[in-house]
Amino acid sequence: MKHLIHKISKGLVRLSDYFIALGPFGLFAVALLDSAFVPLPSSADALMLLLSAAHPHLMPLYAFLATAGSTIGCVILYYISRRAGGRALKKFSEAKQKRVRELIDRYDVLAVLVASLLPPPFPFKLFVITAGVFRFSLLRFTLAIFAGRAFRFLLEGYFAVRYGSQAKQILAKYYPWIGLGVALALIVFFVARNLLKKRTESVVESLEV
């Protein structure tokens, strides 16, 4: 079984090399493959940077195609995991499974959104699989993935247009901090909103009494 999976993975990697040569539609396909089936480290990101630097006026289109491909790939993996049930989580340790499920149960859509923003080696696919296994709302899941991936690819496109061939090195150095910063800002916003909501509800209840 492992040998078969290895052969399939190698075939998908070779297929991704072919898609890279197809330009924007290749970007869509590579982003989809990377999110749904087999990790293709930095392939979609590298192609996004390359295309945006070469054709700056088309950068928004490239970002949209990469975002759409990645989102569709995640939805495919979500459905595969939903159908497979607990078996889909077997390759992850029980500690990681428990932690991710607790995060999703506690923070709902925010957990998925933050996971989609953070760079490797953050276990993003574990969040996608967990969302599918435990039947997290598909609509909220899709919106969170789309928003997170759109931010990532638009940022890459902006850096590619602004810094050209140096964009990859700059992003490698600063994106982890940018991603963490945005994630922290989102967490603070949602926590503050929930606290304000609870405080408002308690005030309304006290007035009613």
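Residues numbered from 1 in each chain as written. Predicted model: local features only at pLDDT ≥ 70, side-chain atom pairs only at ≥ 80, totals over all residues. Heavy atoms only, no water.

One way to put it is that helix H2 (residues 24-36) packs onto helix H3 (residues 43-54) with a least axis distance of 9 Å and a crossing angle of 160 degrees. By the criterion of interaxial angle, the relationship of H2 to H3 is roughly antiparallel. Of the two elements, H2 crosses H3, and the hand of that crossing is left-handed. Residues Pro-24, Gly-26, Leu-27, Val-30 and Ala-31 of H2 lie in contact with H3, whose contacting residues are Ser-43, Ala-44, Leu-47, Met-48 and Leu-51. Its residues assigned to classes, the contact of H2 with H3 shows eight nonpolar, two polar and no charged. (Axes fitted to C-alpha atoms, helices over the stretch in contact; angles between N-to-C directions. Helix = DSSP H or I, 4+ residues; strand = E, 2+ residues; numbered from the N terminus. Parallel < 35°, antiparallel > 145°, perpendicular 65-115°, else oblique. Left-handed = near helix turned anticlockwise from the far one by under 90°. Contact = heavy atoms within 4.5 Å. Nonpolar A, V, L, I, M, F, W, Y, C, P; charged D, E, K, R; others polar.)

As a further point, take the nonpolar core. Nonpolar side chains in soluble globular proteins tend to be buried together. Ranked by internal contacts, the top residues of the largest apolar core, which has 24 residues, are Ile-129 and Phe-141. The set of elements that each furnish at least two residues to this core consists of helix H4 (59-84), helix H5 (94-107), helix H6 (109-117), helix H7 (124-133) and helix H8 (138-163). At seven residues, the largest contribution of residues to this core is made by H7. Dropping the residues within four chain positions of it, Ile-129 is found in contact with Leu-77, Ser-81, Ala-88, Leu-89 and Phe-92. (Core = buried A, V, L, I, M, F, W, Y, C linked by side-chain atoms within 4.5 Å. Buried < 20%, exposed > 50% of the residue type's maximum accessible area, 1.4 Å probe, protein only.)

The phi dihedral of Asp-108 is positive, around 55 degrees, even though this residue is not glycine. In the Ramachandran plot, Arg-135 falls in the positive-phi region, its phi being about 55 degrees despite a non-glycine side chain. Positionally, Arg-135 belongs in the loop between H7 and H8. The exposure class of Arg-135 is exposed, given its relative accessible area of 53%.

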